[in-house]
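Residues per chain are reported as follows:
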Amino acid sequence: MDIAGAVALVTGAGSGIGRATALRLARGGAAVVAADIDEARGRESAKLIEDAGGRAAAIRADVADEADVRAMVDHARARFGRLDVLVNNAGVVEGVTTRRAAFPELETDRWTRMLDINLRGVILGTQHAIAFMREAGGGVIVNVSSMAGMGVGPSPSPVYAASKAAVIRFSAALAPLARRLNIRVNCLCPDWVDTEMVQQTRAELFL
């Protein structure tokens, strides 16, 4: 896909895979909206893009909050005129900042929050992006899952694995949109990536 001149929205763009994705899209010529629950980090990503000569904007968004999701999609269109690409990247892993093992010791409110971010956030982002992409005649949605969601083996982070497995199935189920609306939905399943969150997660789950 030629992304020169396209408008892309990346969630979780303040760090890790999200920031790397936002920067790569910008290098390809896309205008990028960096959405992140950490507003300062999102602005840092946007500034990196602008300092390199690209076009960018930032917005604080909690992907588990429908009002925030609607606002970030509206912001992309208001700022750059349309929305061509959505990367649903925002995600969290159980155990992070808790200093304890994963499910079943993890508190209920923490693993339900993880499901809200990892799965509900993907569904909400997809739903609201489709409305704009339909008007524009098409678009691309990329959902970032994980190798943790593949297969039937054990996992040190079972709720995380379940949420990522659901993202894979959700993405595959939307394949008919390519034919009906010219909206392609793809799913990426990276393995361990050396990000700040992964470093902390590995330290808490395996040490």
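Described below are features of the structure shown in this document. Predicted model only: the values in this text are computed from it and were never measured.

### Points about the nonpolar core
Line of reasoning, step 1. Counting 29 residues, the largest nonpolar core has Leu-9 and Met-72 as the members making the most contacts within it.
Line of reasoning, step 2. Residue assignment for this core shows that the elements contributing at least two residues are β1 (7-11), β2 (31-36), β3 (56-60), α3 (66-80), α4 (108-136), α5 (158-173), α6 (177-181) and β6 (183-188).
Line of reasoning, step 3. With six residues, α4 is the single largest residue contributor to this core.
Line of reasoning, step 4. Each residue touching Met-72, except ones within four places of it in the same chain, is listed here: Leu-9, Thr-11, Ala-35, Ile-59 and Ala-61.
Line of reasoning, step 5. Ala-8, Val-10, Ala-13 and Ala-56 belong to the second-largest nonpolar core, a separate cluster that totals 20 residues.

### A few points about the sheet that holds β1
Line of reasoning, step 1. Here we have six strands laid out as an open sheet, ordered β3-β2-β1-β4-β5-β6, and parallel in their pairing. Lying at the two open borders of the sheet, with one neighbouring strand each, are β3 and β6. Within this sheet the neighbouring strands show an average axis-to-axis angle of 15°, counted without direction.
Line of reasoning, step 2. Bridge count for β1 against strand β4 (residues 85-88) is three bridges, and the pairing is parallel. Looking at the pairing, Leu-9 lines up with Leu-86 of β4.
Line of reasoning, step 3. Along the sheet face, α3 touches β1, β2 and β3 and points at about 160° away from the line of β3.

### A short note on the packing of α4 against α5
Line of reasoning, step 1. At a minimum axis separation of 9 Å, α4 and α5 run at an interaxial angle of 15°. It follows from the interaxial angle that α4 and α5 lie roughly parallel. Every pair of crossing elements has a handedness; the one defined by α4 and α5 is right-handed. Listed contacts from α5 to Trp-111, Met-114, Leu-115, Asn-118, Leu-119, Val-122, Ile-123 and Thr-126 of α4 are Val-159, Tyr-160, Ser-163, Lys-164, Ala-166, Val-167 and Phe-170.
Line of reasoning, step 2. Its residues assigned to classes, the contact of α4 with α5 shows eleven nonpolar, three polar and one charged.

### Side note on the pairing of β4
Line of reasoning, step 1. A two-sided burial pattern is seen for β4, the buried positions comprising Val-85 and Val-87 on one face and Leu-86 and Asn-88 on the other.
Line of reasoning, step 2. Sheet analysis places β4 next to strand β5 (residues 139-144), joined by four bridges and oriented parallel. From the neighbouring strand, Leu-86 faces β5, where its bridge partner is Ile-141.

### With respect to the side chain of Lys-164
Line of reasoning, step 1. By the secondary structure assignment, Lys-164 is in helix α5.
Line of reasoning, step 2. A distance of 3.0 Å separates a polar side-chain atom of Lys-164 from the backbone oxygen of Val-144.
Line of reasoning, step 3. Leaving out residues up to four positions away in the same chain, Lys-164 has contacts with Asn-118, Val-144, Ser-145, Ser-146 and Gly-149.

The rules we used
- Residues numbered from 1 in each chain as written.
- Predicted model: local features only at pLDDT ≥ 70, side-chain atom pairs only at ≥ 80, totals over all residues.
- Heavy atoms only, no water.
- Core = buried A, V, L, I, M, F, W, Y, C linked by side-chain atoms within 4.5 Å.
- Buried < 20%, exposed > 50% of the residue type's maximum accessible area, 1.4 Å probe, protein only.
- Helix = DSSP H or I, 4+ residues; strand = E, 2+ residues; numbered from the N terminus.
- Contact = heavy atoms within 4.5 Å.
- Pairing = 2+ DSSP bridges.
- Axes fitted to C-alpha atoms, helices over the stretch in contact; angles between N-to-C directions.
- Parallel < 35°, antiparallel > 145°, perpendicular 65-115°, else oblique.
- Left-handed = near helix turned anticlockwise from the far one by under 90°.
- Nonpolar A, V, L, I, M, F, W, Y, C, P; charged D, E, K, R; others polar.
- Polar contact = N/O pair within 3.5 Å; in protein donor to acceptor, adjacent residues only side chain to side chain.

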